[in-house]
Amino acid sequence: MAMAGRQTVVHFAAESHVDRSIYDPAPMIETNVTGTFVLLQIARRLHVEKFVHVSTDEAYGDLPPGTFAAEDSEDSLVQPSSPYSASKASSDLIVRSYVRTFGLPAIITRASNNYGPFQHPEKFLPLMIASALDDKPLPIYGDGKQERNWLHVQDHCRGILAVLERGRIGEVYNIGGADVVENLTMARRLLRATGKPQSLISHVADRPGHDRRYALNCEKIQRELGWKPTISLDDGLRQTIEWHRSYTKWLTEVRGGHYRTYYQKYYENRGSSLHAITESGRKPTSYLARAIPQPRKATTYSPRTSVLFLRGKNASRKPQAARTIRHRQRRLLHRSLGDQIPAAITRLRRNPRLVFQQRRSHESGSPACQLGARFHAELAQ
Ligand SMILES: NC(=O)c1ccc[n+]([C@@H]2O[C@H](COP(=O)([O-])OP(=O)(O)OC[C@H]3O[C@@H](n4cnc5c(N)ncnc54)[C@H](O)[C@@H]3O)[C@@H](O)[C@H]2O)c1
């Protein structure tokens, strides 16, 4: 047993890529949740002196614009969005329970987006650098306005060491970089740094449920352990690009075989791969989708459109109002079913607070779907 005779354990192992977790969540749950549980059980049995659990800022989920997640703030709850972040957040909670229930001397770290040498090419920064160096399009998800907090891997490791040596048992420590940068800005910066044209930027379909912002407040680790990032983003990027230029053999090997299949699925056949996901369940939402009012009119009617919703503009932000509006919306739908579509449409037109939304159904011939067709036709008149 690898842990036998060890005093301390730093638990890095994980399935770590969000996109993979969306296409196939099972390995995330197995490795990140069950795997962590297994390690905790062994650590407990072997009475290890310290167990550092390496986690992620993604556990906090999507942050409102301009805000920073702090470990102990009531405003910074663990609210993961993807199967990856949910599996990491779950493992954090299990670690926490082992401290409290079994007295396991464990500490949790939550780091922001890492970059640096030897990072797997499936991750954002190596993918962008490799694409730029190969004169290939840089695939940017959606509008590219997602903000990420960049941390050089050496700073991350220094932070973990500080926690291992001086961290308080049972605590969570954020380890974040100094810079929060939009993905599109980062891609443009890399193109400038590699001397490649900005025309290589290529927007592709967004990641389902894509978080808009991660950003960490790192006052706690600075105050208690004296840690702060030392490598500036400019220096770190320059060094990482240089590394990519000189480690071509390693990169060629890693980007062959399985990675090639991965790349085809996630980028070259992105449309059909994403279609398979969104068709298999509810449409994903993101912070932005929740915060920004939906379009007022559905533009087209497809035979798959069925159930109709009249929805309050601020429904998701005001739960009470949302409940009332949902109640009204159900009544309206009911009345529509009672052949009162014109009345529902008049109300929709009169009341600017109501917003029209559509949901999808797989039964194109269902009564609700036919109702959808009628509603659309009359609304368009
Ligand atoms: N990369 C980041 O930006 C970032 C940010 C914050 C936190 N983290 C965390 O840091 C840790 C390392 O991340 P990374 O980016 O180096 O990921 P990575 O995918 O490059 O490395 C993960 C490692 O875990 C190993 N592993 C996976 N499943 C395993 C299993 N079932 N048993 C044993 N080993 C297994 C892999 O072989 C690999 O060596 C992860 O816990 C991740 O959640 C990463």
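Residues numbered from 1 in each chain as written. Predicted model: local features only at pLDDT ≥ 70, side-chain atom pairs only at ≥ 80, totals over all residues.

Some details on the overall build of the chain
Phase 1: Per the secondary structure count, the chain includes 14 helices and 11 strands.
Phase 2: For the chain, the share of sequence-separated contacts (at least 6 apart) that also reach a separation of at least 24 residues comes to 81%. (Helix = DSSP H or I, 4+ residues; strand = E, 2+ residues; numbered from the N terminus. Contact = placed C-beta atoms within 7 Å.)

Points about the environment of I231
Phase 1: Structurally, I231 can be placed in the loop between α7 (219–225) and α8 (233–246).
Phase 2: For I231, a count of 20 C-beta atoms within 10 Å translates into the label buried.
Phase 3: With 79 residues separating them along the chain, I231 and H152 place their C-alpha atoms 6.6 Å apart.
Phase 4: In this structure, I231 is in contact with H152, Q154, D155 and G236, ignoring residues within four places of it in sequence. (Buried ≥ 20, exposed ≤ 12 C-beta atoms within 10 Å, placed from the backbone.)

Some points on α8
Phase 1: When the terminal C-alpha atoms of α8 are compared, their 20 Å separation across 14 residues agrees well with the 20 Å that a helix rising 1.5 Å per residue should span.
Phase 2: Of all the residues in α8, the buried ones are G236, L237, T240 and H244. Buried positions in α8, seen along its axis, are confined to an arc of 95° and lie on one side of it. Structural note: α8 exposes D234, D235, R238, E242, R245 and S246 on the side pointing more than 90 degrees away from its buried face.
Phase 3: The secondary structure elements touched by the buried residues of α8 are β4 (113–115), α4 (124–133), β6 (147–152), α6 (183–194) and α9 (248–254). (Expected span 1.5 Å × (residues − 1). Arc of directions from axis to C-beta.)

Re the pairing of strand β7 (residues 172–175)
Phase 1: Across the two faces of β7 the burial is the same, with V172 and N174 and Y173 and I175 all buried.
Phase 2: As judged from the four bridges shared by strand β3 (residues 106–111) and β7, these two strands associate in the parallel manner. From the neighbouring strand, T109 faces β7, where its bridge partner is Y173. (Pairing = 2+ DSSP bridges.)

Notes on the site of the ligand
Phase 1: Within the structure, the ligand sits among 14 residues, and A13, A14, S16, T56 and N114 are positioned closest to it.
Phase 2: Contributing elements (two or more residues each) for the shell around the ligand: α2 (26–46), β2 (50–56) and β4. (Near = placed C-beta within 6 Å.)

Things to note about the pairing of strand β1 (residues 8–11)
Phase 1: Only one face of β1 is buried, namely the one carrying V9 and H11, since none of T8 and V10 on the opposite face is buried.
Phase 2: Relative to β2, β1 runs parallel, the two being bridged by four bridges. Within the sheet, the bridge partner assigned to H11 lies in β2 and is H53.

As for the sheet that holds strand β8 (residues 179–182)
Phase 1: The sheet built from three strands is open, its strands ordered β4-β6-β8 with mixed pairing. The open sheet has two edge strands, β4 and β8, and neither has a second partner. Between one strand axis and the next, the sheet turns through 45° on average, direction left out of account.
Phase 2: Note: β4 against β6, three bridges, orientation parallel. Across the sheet, N114 pairs through a bridge with L151, a residue of β6.
Phase 3: Sitting on the sheet, helix α5 (residues 153–166) is in contact with β4 and β6, with an inclination near 75° to β6. (Axes fitted to C-alpha atoms, helices over the stretch in contact; angles between N-to-C directions.)

Notes on the nonpolar core
Phase 1: Judged by nonpolar contacts, the single largest core of 49 residues is most densely connected at M128, A132, A187 and L190.
Phase 2: Per-element tally for this core: the top contributor is α4, with six residues.
Phase 3: Residues within four places of M128 in sequence aside, it is in contact with L138, A187 and L190. (Core = buried A, V, L, I, M, F, W, Y, C linked by C-beta atoms within 7 Å.)

Considering the sheet that holds β7
Phase 1: Pairing is parallel in the open sheet, where four strands are placed in the order β1-β2-β3-β7. Each of the sheet's edge strands pairs with one partner strand only, and the pair in question is β1 and β7. With direction set aside, neighbouring strand axes in the sheet form an average angle of 20°.

Quick notes on α4
Phase 1: Burial within α4 is extensive, with eight of its 10 residues counted as buried.
Phase 2: Every buried residue of α4 is accounted for by F124, L125, P126, L127, M128, I129, S131 and A132.
Phase 3: Just beyond α4, the residue with positive phi is D135, at close to 60°.

A look at the packing of α2 against helix α3 (residues 83–102)
Phase 1: Interhelical geometry of α2 versus α3 gives an angle of 15° and a closest axis separation of 8 Å. Overall, the two elements α2 and α3 adopt an arrangement that is roughly parallel. Read as a crossing pair, α2 and α3 show a hand that is right-handed. For the pair α2 and α3, the contacting residues are M28, I29, N32, V33, T36, F37, L40 and R44 in the first and P83, Y84, S87, K88, S90, S91, I94, V95, Y98 and F102 in the second.
Phase 2: Residues of the contact of α2 with α3, tallied by class, amount to 11 nonpolar, five polar and two charged. (Parallel < 35°, antiparallel > 145°, perpendicular 65-115°, else oblique. Left-handed = near helix turned anticlockwise from the far one by under 90°. Nonpolar A, V, L, I, M, F, W, Y, C, P; charged D, E, K, R; others polar.)

Focus: unusual backbone geometry
Phase 1: Phi angles above zero are rare outside glycine, and H47 is one such case at about 55°.
Phase 2: By the secondary structure assignment, H47 is in the loop between α2 and β2.
Phase 3: According to the C-beta neighbour criterion, H47 is exposed, with 9 such atoms within 10 Å.

Brief notes about the packing of α4 against α6
Phase 1: Across the interface, α4 lies against α6 with an axial gap of 10 Å and an inter-helix angle of 40°. As the angle between them shows, α4 and α6 are arranged oblique. Crossing hand, α4 versus α6: right-handed. From α4, F124, M128, I129, A132 and L133 reach across to α6, where they touch N183, A187, L190, L191 and T194.

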